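Working through the structure, step by step
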Amino acid sequence: MKRVWLEDIAKHEGKEIKLVGWVFNKRSSGKIKFLLVRDGSGVVQCILSKFDVSEEIFNKYQDVSIECSVEIIGVPRKEERSLSGYELDIKDFNVIGKSEEYPIGKKEHGVDFLLNNRHLWLRSTKQRAILKIRHEVIRAARDFFNNLGFINVDAPIFTPNACEGTTTLFEVDYFDNKAFLSQSGQLYNEAAVMAHGKVYCFGPVFRAEKSKTRRHLTEFWQIEPEIAYINIDENMQLQEDMTLFILKRVLENREQELKVLERDIDFLKAIKGPFPRVKYDDAVKILKDLGEEVEWGDDFGAPQETKLTEQYKTPIFLHRFPAKIKPFYMQRDPEDERLSLGVDMLAPEGYGEIIGGGQRMEDPIALREKIKEEGLSEDDFKWFLDLREYGTVPHGGFGLGIERCVAWITGTQHIRECIPFPRTIYRLEP
RNA sequence: UCCUCCGUAGCUCAAUGGUAGAGCAAUCGGCUGUUAACCGAUAGGUUGUAGGUUCAAGUCCUACCGGGGGAGCCA
């Protein structure tokens, strides 16, 4: 008999099917037993009744334990009391893989324990919902750029030097040399965009910062588009279109998962463009009016970012920052030399920066000067300077932090639940 | 690196300086519709580690170890 996925159960009502999955809970009431079974595509309550099966089959219930795997022959039946709308009447079943004393119980657990058991925690209802939404976010982001004719050109993960001198990178042995794990694909994107006009890369990036907050991982995923002949306003529009596209997809395809996570769905549904475009100058004024102690030139701290975003019900753009607090390769604002044409997107509800990006420096002489100023080696950046020497154009792009975006959309408190196996400063396992 | 909090049964927690206990999980039994099912029973402990104070330490003190939250840092 061919196995049927639970997502297709409605098509098989009244017909005998084979279900393979895991028992995530069980209840027993004498002559009737209930097995809650998950197969990855859905869940269903299976009924084992003493009056419907032989004693031999009925007694197999003794072998059933939490998270054992089972193969069940049964008949799906419409059932109003069930969340999925169906139940499965068991005709016969077998336990395939035993599961003795499954560590994760039905009651609450502490973070340390759950993270140590991340390989099993992934099976839990909320964790499954989060990772399904993560999948949806990634799929939507890729579709968005693919639909616009972007070419996916991935950047290397081993890199010879720092993209920015200041940041902490993971150093690894590379035969007789040192290499670093990439913290961004952007510099390589800038090469690829001169070949293809509009490109994106998607992959993991690494930060060796000793950050220890709910917004930080040492390994996380970014999708980074780069576009030739784009200006900062077009850049913001692209970010906004992408964000709305991702939101729409998640709301269309993963409403059930959002409900499982008790997300305020109406809040997400109400998000429409255009998102406010707030200049750094104005943000300083707004924060001062709110009683924050900020001086022009300061980078905003996380609490200040939160205060600012609390003023809005959609994501906002922050743009035109003091050049000093932004990376060396950012284009200066022609209308105010103190500013660089960077633009970040901040998510509402205190989730903070989910996108960072901006206009790249296009003039070879200015870029060479900046590299010197930063104390970086011109040799290391020769290829990067070449991009300006041979047919430079105005260009820009941005990077979307996948896990931060997922944390916001799912309403998850901590980013570590938004990646299958989180890597944080004190956690490398499992 | 700094601030702060927490380490007690497999898990989540309780225990006024005076005999370490409950719920869940496990095991056994009961129940024909359960929804974190319920009811009864059984088993489960070097209280993170090492010192110290005390007649007496899970509880107080010191150090260390492990972790949480935050700051700094952070496309």
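Keep in mind the model is a prediction, meaning the values are calculated, not measured.

Considering the sheet that holds strand S5 (residues 86-97)
- Within the closed barrel, the 5 strands sit side by side as S1-S2-S3-S5-S4. Their pairing is mixed. With strand direction ignored, the average angle separating the axes of adjacent strands in the sheet is 50 degrees.
- Strand direction decides the pairing type here: strand S3 (residues 43-49) and S5, joined by 3 bridges, are parallel. What sits directly across from Cys46, in S5, is Leu88.

Some details on the packing of helix H4 (residues 125-147) against helix H13 (residues 402-410)
- Remark: H4 packs on H13, axes separated minimally by 10 Å, with the N-to-C direction vectors making an angle of 120 degrees. Of the possible angle classes, the one that applies to H4 and H13 is oblique. Where H4 crosses over H13, the handedness of that crossing is right-handed. Contacts from Ile130, Ile133, Arg134, Val137 and Ile138 of H4 reach H13 at Ile402, Cys405, Val406, Ile409 and Thr410.

Notes on the nonpolar core
- With 66 residues, the main nonpolar core has Val137 and Val406 as its most contacted residues.
- The contacts of Val137, once residues within four sequence positions are left out, are Ile246, Val250, Ile402, Cys405, Val406 and Ile409.
- Counting 17 residues, the second-largest nonpolar core is a separate cluster that includes Val23, Leu35, Val44 and Leu88.

Notes on the protein's contact with RNA strand B
- Lining the immediate surroundings of RNA strand B are 54 residues, of which Gly30, Gly110, Gln186, Gly301 and Gly356 lie closest.
- Elements supplying a minimum of two residues to the surface near RNA strand B: strand S1 (17-29), strand S2 (32-38), S3, helix H2 (111-116), helix H5 (186-196), helix H10 (302-309) and strand S16 (352-359).
- Considering every element that reaches the surface near RNA strand B, the biggest residue donor is S1, with 4 residues.
- When grouped by side-chain class, the residues that make up the surface near RNA strand B number 14 nonpolar, 21 polar and 19 charged.

Notes on H13
- For H13, the tally of buried residues reaches 9 of 9 residues, placing the bulk of the element in the interior.
- Regarding H13, the residues found buried are Ile402, Glu403, Arg404, Cys405, Val406, Ala407, Trp408, Ile409 and Thr410.
- Directly beyond the C-terminal end of H13, a positive phi value near 70 degrees is found at Gly411.

Brief notes about the environment of Ser211
- Relative to the elements of secondary structure, Ser211 occurs in the loop between strand S10 (198-206) and strand S11 (219-228).
- The spatial distance from the C-alpha of Ser211 to the C-alpha of Ile73 is 51 Å, given a sequence separation of 138 residues.

A short note on the confidence of the model for chain A
- Counting all residues, the mean pLDDT for chain A is 90, and 98% of those residues have values of 70 or more.
- Prediction confidence for the complex, expressed as pTM and ipTM, is 0.93 and 0.85 respectively.

Details of the environment of Asn94
- Looking at the element boundaries, Asn94 is found in strand S5.
- The sequence separation of Asn94 and Pro420 amounts to 326 residues, and the corresponding C-alpha distance is 30 Å.
- In contact with Asn94, not counting residues within four places along its chain, are Val70 and Glu71.

Some points on the domain arrangement of chain A
- Domain boundaries assigned for chain A yield domain 1 (6-97) and domain 2 (118-418).
- On a C-alpha basis, the centres of domain 1 and domain 2 stand 46 Å from each other.

Some thoughts on the sheet that holds strand S7 (residues 158-159)
- Read from one edge of the open sheet, 3 strands run S7-S9-S8, paired in antiparallel fashion. Either end of the sheet is taken by a strand with one partner, and the two such strands are S7 and strand S8 (171-174).
- Here 4 bridges tie S8 to strand S9 (residues 177-181), and the two strands are oriented antiparallel to one another. Within S9, the residue paired with Tyr174 across the bridge is Asn177.

Structural notes on the pairing of S9
- Bridging between S7 and S9 involves 2 bridges; their strand directions are antiparallel. Considered in S9, the bridge of Thr159 is made with Phe180.
- Between S8 and the antiparallel strand that follows it, S9, lie 2 residues; Phe175 among them carries a positive phi value of about 55 degrees.

Structural notes on H10
- Within H10, the full set of buried residues consists of Glu305, Leu308 and Thr309. Within H10, the buried residues cover an arc of 95 degrees as seen down the axis, which keeps them to one side.
- Buried residues along H10 sit in contact with helix H9 (280-289), strand S13 (316-322), strand S15 (336-347) and S16.

Quick notes on the pairing of S2
- The pairing of S1 with S2 spans 7 bridges and is antiparallel. Across the sheet, the residue bridging to Ser28 is Lys33, located in S2.
- Counting the residues in the hairpin turn of S1 and S2 gives 2 residues, including Gly30, whose phi is positive at 75 degrees.
- Of the pairings in the sheet, the one linking S2 to S3 comprises 7 bridges and is antiparallel in character. When the bridges of S3 are listed, Val37 appears paired with Val44.
- Counted along the chain from S2 to the antiparallel partner S3, the turn is 4 residues long, and its residue Gly40 has a positive phi close to 100 degrees.

Side note on unusual backbone geometry
- That bond from Gly273 to Pro274 is cis: its omega, -10 degrees, falls within 30 degrees of zero.
- Within the secondary structure, Pro274 sits in the loop between helix H8 (265-269) and strand S12 (277-279).
- With a phi angle near 60 degrees, Arg320 is a residue other than glycine that sits in the positive phi range.
- Mapped onto the elements of the fold, Arg320 is located in strand S13.
- Judged by C-beta crowding, with 24 C-beta atoms within 10 Å, Arg320 ranks as buried.

About the cut-offs
Residues numbered from 1 in each chain as written. Chains lettered and ligands numbered in written order. Predicted model: local features only at pLDDT ≥ 70, side-chain atom pairs only at ≥ 80, totals over all residues. Pairing = 2+ DSSP bridges. Helix = DSSP H or I, 4+ residues; strand = E, 2+ residues; numbered from the N terminus. Axes fitted to C-alpha atoms, helices over the stretch in contact; angles between N-to-C directions. Parallel < 35°, antiparallel > 145°, perpendicular 65-115°, else oblique. Left-handed = near helix turned anticlockwise from the far one by under 90°. Contact = placed C-beta atoms within 7 Å. Core = buried A, V, L, I, M, F, W, Y, C linked by C-beta atoms within 7 Å. Buried ≥ 20, exposed ≤ 12 C-beta atoms within 10 Å, placed from the backbone. Near = placed C-beta within 6 Å. Nonpolar A, V, L, I, M, F, W, Y, C, P; charged D, E, K, R; others polar. pLDDT = per-residue confidence, 0-100. Domains from an automatic or database assignment. Arc of directions from axis to C-beta.

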